[in-house]
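# Summary of structural features
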Number of protein chains: 2
Amino acid sequence: MSVEVRVGLLGLGTVGSGVISIIERHQEELRHQVGCPVTVRKVAVRNIEKQRPAEVDRSLLTDQIEDVLFDQEIDVIIEVMGGVDSTKEYLLQALKSGKHVVTANKDLMAVHGTELLNVAAENGCDLFYEASVAGGIPILRGLTDGLSADRITKMMGIVNGTTNYILTKMTQDGSSYEDVLKQAQELGFAESDPTADVEGLDAARKMAILANLGFSMNISLNDVSIKGMSSVTKADLDYCDQLGYTMKLIGLAQRDDGRVEISVEPTLLPNKHPLASVHNEYNAVYVYGEAVGETMFYGPGAGSLPTATAVVSDLVTVMKNMRLGVTGQTIQAPLHQRSLKEDKEIDSKYFLRLRVLDKAGTFQAVTSLFASHEVSFEKLLQMPVEGKEVAEVIVITHHTNKENYLNLYNKLSELDVIESIESCYRVEGGK
Amino acid sequence: MSVEVRVGLLGLGTVGSGVISIIERHQEELRHQVGCPVTVRKVAVRNIEKQRPAEVDRSLLTDQIEDVLFDQEIDVIIEVMGGVDSTKEYLLQALKSGKHVVTANKDLMAVHGTELLNVAAENGCDLFYEASVAGGIPILRGLTDGLSADRITKMMGIVNGTTNYILTKMTQDGSSYEDVLKQAQELGFAESDPTADVEGLDAARKMAILANLGFSMNISLNDVSIKGMSSVTKADLDYCDQLGYTMKLIGLAQRDDGRVEISVEPTLLPNKHPLASVHNEYNAVYVYGEAVGETMFYGPGAGSLPTATAVVSDLVTVMKNMRLGVTGQTIQAPLHQRSLKEDKEIDSKYFLRLRVLDKAGTFQAVTSLFASHEVSFEKLLQMPVEGKEVAEVIVITHHTNKENYLNLYNKLSELDVIESIESCYRVEGGK
């Protein structure tokens, strides 16, 4: 092996700049850990002329991606440019020409992860993607190494910083979704087009990656049941608060008897639950293992330096593996056949907010519908709506299966005495 | 390499039984990860005749420790019997005869860790000890792998489950230390002799191990400034609550400009701090990295299966390394010279509870003493003490250095108008 490890970067946005800065500043520690220096040899960018931070040596820049991909001196490609289809082709080329790959690209890994991992293994290359899930939190390592002896049965994550920031501010300040979103956009916590965040797609990608790894099962992005948080109202959050719950956009992946469910949806958690105190743009992933019980990994879910830290940690692992001559063996292909739960196997509690006619017999009609679907109440709250002849009924159910719940929901929406179903959410984290 | 990995166990208490149970139950997954089966070949116990769980094949048991240490067929020794001096000799023998070692023994690693790691490296052997700190939480891996690209500047941990259980119950139920301790002993959360837990020694061992690894500095157990929590009173906790703080027994290791402080003491944290909501017997370690910012690892700090999970995860790493032919290279010797902060370099806020004479001039005398030591107030509370001509003054200071604080403390204790200094604690986790 050569006396140094040479890296090529694809992309030089905030994460790429962070990677270069960390490699510069921590040369001594990196060398101590790995036993040889690391140098950045080339960086592919779209526009060479653009203004960049001082750390970046302009002579490294190229606007020809092939200059990086086909440079025979480069050992490791770090992909921080984003994109799915063309990026996948670039990385396949890199792997096939024997280059190791570190990527922060969740969009790519959520869709083409298994294919890329297989090609990496076939070519004796490492492919790591810690930064693709929950930025600076070493959660993928936690699953592959730390909990390797355990059987993971459940993962619950706050894996999108934008929506957690919005829900935190809505809860704490009583502001509306629209106002907080605007504020988040001004502060840089939300994109100008926030759709992928607020509608849950970003979180779904991360949960697909987590489920693949944690359950060793080839679960695709399409398997994730997704519900966004843009319709969560201040009234919903007020009732949550009254009932002792906190609303979070929760990614959930659960396995029982080899059958898996996977979803992203606004979910009520008891205030005491550790995920309920994960605020602002922070991320956290709660992992249940059969042996270990409950563990949680908490940290920054995004940001230039946290994400770059995860990238460089992966780079360190690649460098160690190169030095030891053991690349291409780290992440295993899924062991289990894909097996998804049907609705009747999915067990949960639910929050329902109904607007009902405030007249005799209403309550009885509602409760008997619940009873006939074998859904019982854990908590019940009825509140008059000022100035109208309707009341709001808020229910938290006991555990029920999703099939029963959906049937009940359909019947409720047809019931004469119910004016509207204002909202409904999953409830997790209790007994 | 042989077609299976053969393990010898030293000790068969709760953790040892858990290890055997996990290896049995997860054969298929372990084989998938490592590519070969693992078998337990011999188990050294004190008393062969003792009743044990069904999983343990009695023909594996021996009461001669040498039967395990000198069995040429055994590849890996798992040490879960405890003890320091004689256990160290056994493990040195094992390493010198080429056996890899996984240990859960914090007492041993806190004192002889560096020596054992060096001997392991000299003999090309792996030595892992994840289970020695915070049971089932993969915190050592987090430091060595996940945050390997970052520079750790601070670690704050709740690393003793017994004291966290006691403080949680005292806070929640308003019970006395003695009552909760008794209850914890009955429930098995506290030893019959709880000294090492409640006086902070157990936590100090874990912090020494964390600091060695996180700062790559050879810090000894004697370097840890230790204060236990047995003198924390209900009154202290009530004032904490009034002022918006939660009391935890916090292990702190901090590095600034290459200089380190390390302590274990009862500490006030703002209620919003993630460590403040770590309850009961749970552990958590807060890690600050220059790049990553704040991360936290949360989970069960003890218990048969969580601890055994950490042991078996280490075993998996050893097995992978054996298979890849790369043992003896994982954990590096400390890079930095030991360099401890002096008191005047240690910066913190403090909580002080003073009992003062309730007469004119008292307050002025106290405040001028604070001022003359350049210690200013962040919060101040004065409460009359019923039926006595004294008052309690509770102060939370702004940041000051420890030298100033200790000088102030000594002067306060000599001041005529102060009847007694009821208690004093460090305050962390804010700005």
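Nothing here was measured: the structure is a model prediction, and the numbers come from that model.

Now for the overall build of chain A. Regarding its fold elements, chain A presents 14 helices and 17 strands. For 431 residues, the compact-globule estimate of 2.2 N^0.38 gives 22 Å, and chain A sits close to it at 24 Å. Its C-alpha atoms put chain A at 85 × 45 × 35 Å along the principal axes. Taking as baseline every contact in chain A between residues at least 6 positions apart, the subset at least 24 positions apart corresponds to 73%.

Further remarks concern the environment of Tyr286 of chain A. Secondary-structure assignment places Tyr286 of chain A in strand β11 (residues 282-289). Tyr286 of chain A sits 129 residues away from Gly157 of chain A along the chain, and the two C-alpha atoms are 5.9 Å apart. If we skip the residues at most four places from it in the chain, Tyr286 of chain A touches Lys154, Met155, Met156, His273, Pro274, Leu275, Glu294, Thr295 and Met296 of chain A together with Tyr298 of chain B. Within the structure, Tyr286 of chain A has its side chain in polar contact with the side chain of Glu294 of chain A (distance 2.8 Å).

What follows deals with unusual backbone geometry. Despite not being glycine, Asn280 of chain A shows a phi value in the positive range, around 55 degrees. Of note, the phi angle at Asp257 of chain B is positive, near 50 degrees, even though the residue is not glycine. Its place among the elements puts Asp257 of chain B in the loop between β9 (245-256) and β10 (259-270). Given a relative accessible area of 81%, Asp257 of chain B falls into the exposed group.

A word on the nonpolar core. Counting residues in hydrophobic clusters, the biggest one holds 158 residues, and the most contacted among them are Ile139 of chain A together with Ile139 of chain B. The leading source of residues in this core is helix α10 (residues 201-215) of chain A, at nine residues. Ignoring anything within four residues of it in the chain, the contact list for Ile139 of chain B reads Glu130, Val133, Ala134, Leu210, Val285, Val287 and Phe297 of chain B.

Next up on the list: the UniProt feature "active site" (unreviewed entry) in chain A. Residues and elements named next belong to chain A. UniProt records the feature "active site" (unreviewed entry) at Lys206, using the numbering of this structure. Locating Lys206 in the fold gives a position in helix α10. Non-local contacts of Lys206, meaning those with residues more than four positions away in its chain, are made with Lys106, Ser132, Val133, Ala134, Val159 and Asn160. Looking at Lys206, its side chain comes within polar contact range of the main-chain oxygen of Val159, at 2.7 Å.

Time to look at the sheet that holds strand β1 (residues 5-10) of chain B. Strand order in this open sheet of six strands is β3-β2-β1-β4-β5-β6 (chain B), and the pairing throughout is parallel. Either end of the sheet is taken by a strand with one partner, and the two such strands are β3 (61-62) and β6 (127-128) of chain B.

For the rest of this paragraph, the subject is the sheet that holds strand β1 (residues 5-10) of chain A. Across a sheet, paired strands are connected by hydrogen bonds in the backbone, their directions being either parallel or antiparallel. All names here are of chain A. Across the sheet, which stays open at both edges, the six strands sit in the order β3-β2-β1-β4-β5-β6 with parallel pairing between neighbours. Since the sheet does not close on itself, it has two edges, and those belong to β3 (61-62) and β6 (127-128), each with one partner. Taken together, the four bridges between strand β4 (residues 76-79) and strand β5 (residues 100-103) define a ladder with parallel strand orientation. Residue Val76 lies in a different strand from β5, and its bridge partner there is His100. Docked against the sheet, helix α12 (residues 304-324) engages β1, β2 (38-44), β4, β5 and β6, running at close to 165 degrees with respect to β5.

On to the domain arrangement of chain A, then. Residue and element names in this part refer to chain A. Splitting chain A by domain gives domain 1 (5-135 + 304-324), domain 2 (139-299) and domain 3 (344-427). Inter-centroid distance (C-alpha atoms) of domain 1 to domain 2 is 27 Å. On the side of domain 2, 13 residues touch domain 1, which itself brings 14 residues to the contact. Summing both sides of the interface, domain 1 and domain 2 together bury roughly 1,300 Å²; the carbon and sulfur share of this comes to 63%. By the criterion of area lost to domain 2, the three top residues of domain 1 are Ala110, Glu130 and Val133, representing 42% of everything that side buries. Here domain 1 is connected to domain 2 by four salt bridges. In this structure, Asp107 and Arg205 form a salt bridge, with 3.3 Å as the shortest nitrogen-oxygen distance. Across the contact surface, domain 1 and domain 2 share nine residue pairs in polar contact (both at pLDDT 80 or more). Among the elements of the structure, α5 (106-122) and α12 are those that each provide at least two residues to the side of domain 1 that touches domain 2.

With that settled, consider the packing of helix α2 (residues 27-34) of chain B against helix α12 (residues 304-324) of chain B. All names here are of chain B. At a closest axis distance of 10 Å, the pairing of α2 and α12 adopts a crossing angle of 35 degrees. Crossing geometry of α2 relative to α12 is assigned as right-handed. On the side of α2, the interface is formed by Leu30, Gln33 and Val34, while α12 contributes Val312, Val316, Met319, Lys320 and Arg323. Taken together, the residues of the contact of α2 with α12 sort by class into five nonpolar, one polar and two charged.

A few words now on the relation of the copies chain A and chain B. Each copy of the sequence occupies a distinct position, and chain A is placed on chain B by a rotation of 180 degrees and an axial shift of 0.0 Å, giving an RMSD of 0.0 Å. The symmetry that links the two subunits is that of a two-fold axis. Measuring from the rotation axis to each C-alpha of chain A, the shortest distance belongs to Phe297 of chain A, at 2.5 Å. Of all interface residues in chain A, 100% are interface residues in chain B too; the two copies therefore contact each other through one and the same surface.

So, about the pattern of salt bridges. Enumeration over the complete set of coordinates arrives at 59 salt bridges over all chains. Taking the shortest distance from any N to any O, the salt bridge between Glu342 of chain A and Lys344 of chain A comes out at 3.9 Å. Among the ionic pairs, Arg426 of chain B bridges to Glu261 of chain B, the shortest N-O distance being 3.1 Å. Of this pair, Arg426 of chain B sits in strand β17 (residues 418-427) while Glu261 of chain B sits in strand β10, and the two are 165 residues apart along the sequence. Assigned by exposure class, Arg426 of chain B and Glu261 of chain B land together as buried.

What follows covers the interface of chain A and chain B. The interface is formed by 46 residues belonging to chain A together with 46 residues belonging to chain B. When chain A packs against chain B, close to 4,300 Å² is buried across both sides, 54% of that on carbon and sulfur atoms. In terms of surface lost to chain B, no three residues of chain A exceed His32, Ala149 and Tyr298 of chain A, which account for 15% of the buried area on that side. Along the contact surface separating chain A from chain B lie two salt bridges. With a shortest N-O distance of 3.9 Å, Glu290 of chain B and Arg25 of chain A are connected by a salt bridge. The interface formed by chain A and chain B holds five residue pairs in polar contact (both at pLDDT 80 or more) in total. The greatest single-element share of the side of chain A that touches chain B, amounting to eight residues, is contributed by α12 of chain A. Grouping the constituent residues of the side of chain A that touches chain B by class yields 21 nonpolar, 16 polar and nine charged.

Quick look at the pairing of strand β4 (residues 76-79) of chain B now. Of the two faces of β4 of chain B, the one holding Val76 and Ile78 of chain B and the one holding Ile77 and Glu79 of chain B are both buried throughout. Since β4 of chain B and strand β5 (residues 100-103) of chain B lie parallel, the crossover through helix α4 (residues 85-96) of chain B that links them has a hand, and here it is right-handed.

With that settled, consider the environment of Leu140 of chain B. Within the fold, Leu140 of chain B resides in helix α6 (residues 139-146). Along the primary structure Leu140 of chain B and Glu130 of chain B are separated by ten residues, whereas in three dimensions their C-alpha atoms are 5.7 Å apart.

Once that is clear, we can look at the packing of aromatic side chains. This model, assessed by the stated rule, comprises 17 aromatic pairs over all chains. When the centroid spacing of 6.0 Å and the interplanar angle of 35 degrees are considered together, the rings of Tyr298 of chain A and Tyr286 of chain B count as tilted. Remark: Tyr286 of chain B occurs in strand β11 (residues 282-289) and Tyr298 of chain A occurs in strand β12 (residues 293-300); the pair is interchain, linking two chains. Residue Tyr298 of chain A is classed as buried on the basis of its relative accessible area of 5%.

Quick look at helix α1 (residues 14-25) of chain B now. All names here are of chain B. Between its terminal C-alpha atoms α1 stretches 16 Å, which fits the 16 Å expected from twelve residues at 1.5 Å a residue. Counting buried positions along α1 gives nine out of twelve residues, so the element sits mostly inside the fold. Listed as buried for α1 are Val15, Gly16, Ser17, Gly18, Val19, Ile20, Ser21, Ile22 and Ile23. The inward-facing, buried residues of α1 contact β1, α2, β2 (38-44), β4 and α12.

Reading guide: rules and limits
Every chain's residues receive numbers from 1 upward, in the order its sequence appears when written. All chains are assigned letters beginning at A, and all ligands numbers beginning at 1, according to the order in which they are written. For this predicted model, a pLDDT threshold of at least 70 governs which residues receive local features, and a threshold of 80 or more governs which side-chain atom pairs are given and counted, while totals over whole chains, interfaces and linings are taken from all residues. Think of the side-chain values as coming from all heavy atoms in the structure, minus any hydrogens and water. Helix and strand definitions here come from DSSP, where helices need a minimum of 4 consecutive H or I residues and strands a minimum of 2 consecutive E residues; each element is numbered from the N-terminal end. The globule rule used here is 2.2 Å times the number of residues to the 0.38 power, and the radius of gyration it is set against is calculated over C-alpha atoms. Note on contacts: a residue pair is in contact if any heavy atoms of the two residues lie within 4.5 Å. Here a polar contact is taken to be a pair of N or O atoms separated by no more than 3.5 Å, where protein atoms must pair a possible hydrogen donor with a possible acceptor and residues adjacent in sequence count only if both atoms sit in side chains. A 1.4 Å probe rolled over the protein chains alone gives each residue an accessible area, and that area as a share of the maximum for its type sets the label: buried under 20%, exposed over 50%, partly exposed in between. The set of buried Ala, Val, Leu, Ile, Met, Phe, Trp, Tyr and Cys residues whose side-chain atoms join them within 4.5 Å is what this entry labels a nonpolar core. UniProt positions are given in the numbering used here, feature names are shortened, and annotations may be inferred rather than shown by experiment. Between any two strands, at least two bridges found by DSSP are needed for them to pair. For helices, the fitted axis covers only the stretch in contact; all axes are lines through C-alpha atoms, and the angles between them, taken along N-to-C directions, range from 0 to 180 degrees. Each domain's extent was defined by an automatic or database domain assignment. Accessible surface is computed with a 1.4 Å probe, and the buried area is the amount of it that two parts give up when combined, taken over both parts together. Whenever a carboxyl oxygen of Asp or Glu lies within 4 Å of a side-chain nitrogen of Lys or Arg, that contact is scored as a salt bridge. Handedness of a crossing follows from how the near helix is turned relative to the far one, being left-handed for an anticlockwise turn of less than a right angle and right-handed for a clockwise one. Three classes are used, and their members are as follows: Ala, Val, Leu, Ile, Met, Phe, Trp, Tyr, Cys and Pro are nonpolar, Asp, Glu, Lys and Arg are charged, and the others, Gly among them, are polar. Only residues with pLDDT of at least 70 in both copies count here: their C-alpha atoms drive the least-squares fit that superposes the copies. With its strands directed away from the observer, a crossover is right-handed exactly when the path from the first strand over the helix to the second travels clockwise. Whether two aromatic rings pair depends on their centres lying within 6.5 Å, for rings of Phe, Tyr and Trp, where Trp uses its six-membered ring; planes under 30 degrees apart make the pair stacked, over 60 edge-to-face, and the rest tilted. Here, expected helix span is obtained from the residue count minus one, scaled by 1.5 Å.

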